[in-house]
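Residue-level structural notes
Next come the chains, spelled out residue by residue.
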Amino acid sequence: MSLSTNKLGIAYGEQLIVKNLNLEIPKGKITTLIGPNGCGKSTILKTVARIHRSKTGAVYLNGKAIQQMSTKAIAKQLAILPQTPEAPGGLTVYELVSYGRFPHQKGMGRLSAEDRRVIEWSLYVTGVEAFYNRPLEALSGGQRQRVWIAMALAQETELLLLDEPTTYLDLAHQLEILKLLEKLNRDEGRTILMVIHDLNHAARFAHHMVALNGGTIIQEGTPQEVMKTEVLKKVFQIDAVIVEDPHTGKPVCLTYDLIEREDGSKLAIG
C-alpha cells in the first residue's frame, strides 16, 4: 500500500498552510510527523485522507490520485483516526467498532458472518473484547482510544493514519497505545502514519520521521537523521541535547532550552 504526495498545496481560505509538499510514506513502516503547532501536520493527515481538499498538487494512493477515487474505495484502503473522535451517545463498544465495516457492507448494511469475525478479531487484538457490551462512555481514556483503534482496524485497511493518538492520556496509557500500534505494524504489516507531539515517543516508535515547519519539510529520514540538534533548532527554535537511549538505541531529547537572541532574550517557539 503506497501513499505519496506530489507538489501538494493546502490552504484554509486564502492562507496557504502547506506548500509544494512531496512526501512518500514507506510501505510497512511507522512514520511520524513532528513539528510546532500550526505547521500543517494535522492538515496534511486530513488532506491525504481526502477529508480536507487540496489547493494544488495531488495525493496518490497505490499510484492513483485520490481525487479520482470513490469515498468507499478510499475507506477500503485507508483508515484515519482524528485527534478528538466523537461518537453518538449510548453506543456500545461493539456497535462503535462495527462502524468500521461500513466500506465492506452491501445492500441493507446488515453485518455478515465475515463482518462479525473481523469485528471480534479487532476487539481481541486491541485488548477490549471484555468490554464489547459496555457503553463507550463507561470506559477510561486509554480504553476508549483502544476501541477507536479497533474501529479503524475493522476497516481492514493496510494503511492507518492517526492524529495524536496519545492526546489526553497519562504516561502508562500513552505507552500502551504506542506499543499496540508497534505490534500491529510488526505482526500485521500495517503501514502507519501518525502525528506525535512528544519527540521521544516519535523517535522511539518510528522507522521514518518527517520534521515540518512553515508547511514545508525541514528534514526527513531515520530517527537518527531527524533527531539532531541542528534540525530541532530549525524546526522548533530550541537548543536540544540529544543522547542515545540505552534500551532502544534510538535518539532521545534529554533536555532543551529556547535559543537566545543576540540581545540575550529568548526566541518564541513556533
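Note that this is a predicted model, so its numbers are computed, not measured.

1. Looking at the overall build of the chain
Counting secondary structure elements, the chain contains nine helices and twelve strands. For 270 residues, the compact-globule estimate of 2.2 N^0.38 gives 18 Å, and the C-alpha radius of gyration of the chain, at 19 Å, lies within 12% of that figure. By principal-axis analysis of the C-alpha atoms, the chain measures approximately 65 × 40 × 30 Å. In the chain, which comprises 270 residues, the share counted as buried stands at 48%. Of the contacts formed within the chain by residues at least 6 apart in sequence, a portion of 63% connects residues at least 24 apart. With an accessible surface of roughly 13,400 Å², the chain has 49% of that area assigned to carbon and sulfur atoms. Put simply, the chain has 31 plus and 29 minus side-chain charges, and the middle of one group is 8 Å from the middle of the other.

2. Some thoughts on the pattern of salt bridges
Summed over the entire model, instances satisfying the criterion amount to seven salt bridges. Close ionic contact of Glu-156 with Arg-101 constitutes a salt bridge, the shortest N to O distance being 3.1 Å. Highlighted residues: Glu-156 in the loop between helix 5 (141-154) and strand 7 (159-163) and Arg-101 in the loop between helix 3 (93-98) and helix 4 (113-125), separated in sequence by 55 residues. Overall, Glu-156 belongs to the partly exposed group, its relative accessible area being 36%. One salt bridge in this structure joins Arg-117 and Glu-156, with 3.9 Å as the shortest N-O distance. Of this pair, Arg-117 sits in helix 4 while Glu-156 sits in the loop between helix 5 and strand 7, and the two are 39 residues apart along the sequence. Through salt bridges with shared partners, one network takes in Arg-101, Glu-114, Asp-115, Arg-117 and Glu-156.

3. Here's the deal with the nonpolar core
Core analysis: the largest hydrophobic core is formed by 51 residues, its most contacted members being Ile-149 and Leu-181. Broken down by element, the residue count for this core peaks at eight residues, all from helix 5. With sequence-adjacent residues up to four places away left out, Ile-149 is seen in contact with Leu-81, Thr-126, Leu-162, Ile-177, Leu-180, Leu-181 and Leu-184. Of all hydrophobic cores here, the second largest spans 26 residues; its members include Cys-39, Ile-66, Leu-159 and Leu-161.

4. Topic: the packing of aromatic side chains
Inspection of every chain in the model, using the stated rule, returns zero aromatic pairs. Its guanidinium or amino end placed over the ring of Phe-102, Lys-72 lies 5.2 Å from that ring's centre, counting from NZ or CZ.

5. Let's talk about the sheet that holds strand 5 (residues 64-65)
Spatial ordering of the open sheet is given by 2-1-4-5, a layout of four strands whose pairing is antiparallel. Across the chains shown, the open sheet's two edge strands, defined by having one partner strand only, are strand 2 (15-25) and strand 5. Direction of pairing for strand 4 (residues 56-61) relative to strand 5: antiparallel, over a ladder of two bridges. Across the sheet, residue Leu-61 finds its bridge partner in strand 5, namely Lys-64. Lying on the sheet, helix 1 (residues 41-48) is in contact with strand 1 (3-12), strand 2 and strand 4; it crosses strand 1 at an angle near 115°.

6. Quick look at the environment of Asp-239
As for its position among the elements, Asp-239 is in strand 11 (residues 238-244). Taking the relative accessible area as the measure of exposure, Asp-239 reaches 38% and is therefore partly exposed. Distance in space between the C-alpha atoms of Asp-239 and Thr-157 is 40 Å, their sequence separation being 82 residues. Leaving out residues up to four positions away in the same chain, Asp-239 has contacts with Thr-229, Lys-233, Thr-255, Tyr-256, Asp-257 and Ile-259.

7. Side note on the packing of helix 4 against helix 5
Contact pair helix 4 / helix 5: the axes reach a minimum separation of 9 Å and the direction vectors enclose 140°. Between helix 4 and helix 5, the angle falls in the class oblique. Handedness of the helix 4/helix 5 crossing: right-handed. In contact with Val-118, Trp-121, Ser-122 and Val-125 of helix 4, helix 5 contributes Ala-150, Leu-153 and Ala-154.

8. Here's the deal with unusual backbone geometry
The backbone of Lys-7 shows a phi angle near 50°, a positive value even though the residue is not glycine. Residues other than glycine seldom take positive phi values, yet Asn-20 does so here, at roughly 45°. Along the chain, Asn-20 falls in strand 2.

What counts, and at which threshold
- Residues numbered from 1 in each chain as written.
- Predicted model: local features only at pLDDT ≥ 70, side-chain atom pairs only at ≥ 80, totals over all residues.
- Heavy atoms only, no water.
- Helix = DSSP H or I, 4+ residues; strand = E, 2+ residues; numbered from the N terminus.
- Rg over C-alpha atoms; globule rule 2.2 N^0.38 Å.
- Buried < 20%, exposed > 50% of the residue type's maximum accessible area, 1.4 Å probe, protein only.
- Contact = heavy atoms within 4.5 Å.
- Areas by Shrake-Rupley, 256 points an atom, 1.4 Å probe, with all protein chains shown as cover.
- Lys, Arg positive; Asp, Glu negative; His and termini not counted.
- Charge placed at Lys NZ, Arg CZ, Asp CG, Glu CD.
- Salt bridge = Lys/Arg side-chain N within 4 Å of Asp/Glu carboxyl O.
- Core = buried A, V, L, I, M, F, W, Y, C linked by side-chain atoms within 4.5 Å.
- Phe/Tyr/Trp six-rings, centres within 6.5 Å; stacked < 30°, edge-to-face > 60°.
- Lys NZ or Arg CZ within 6 Å of the ring centre and 35° of its normal.
- Pairing = 2+ DSSP bridges.
- Axes fitted to C-alpha atoms, helices over the stretch in contact; angles between N-to-C directions.
- Parallel < 35°, antiparallel > 145°, perpendicular 65-115°, else oblique.
- Left-handed = near helix turned anticlockwise from the far one by under 90°.

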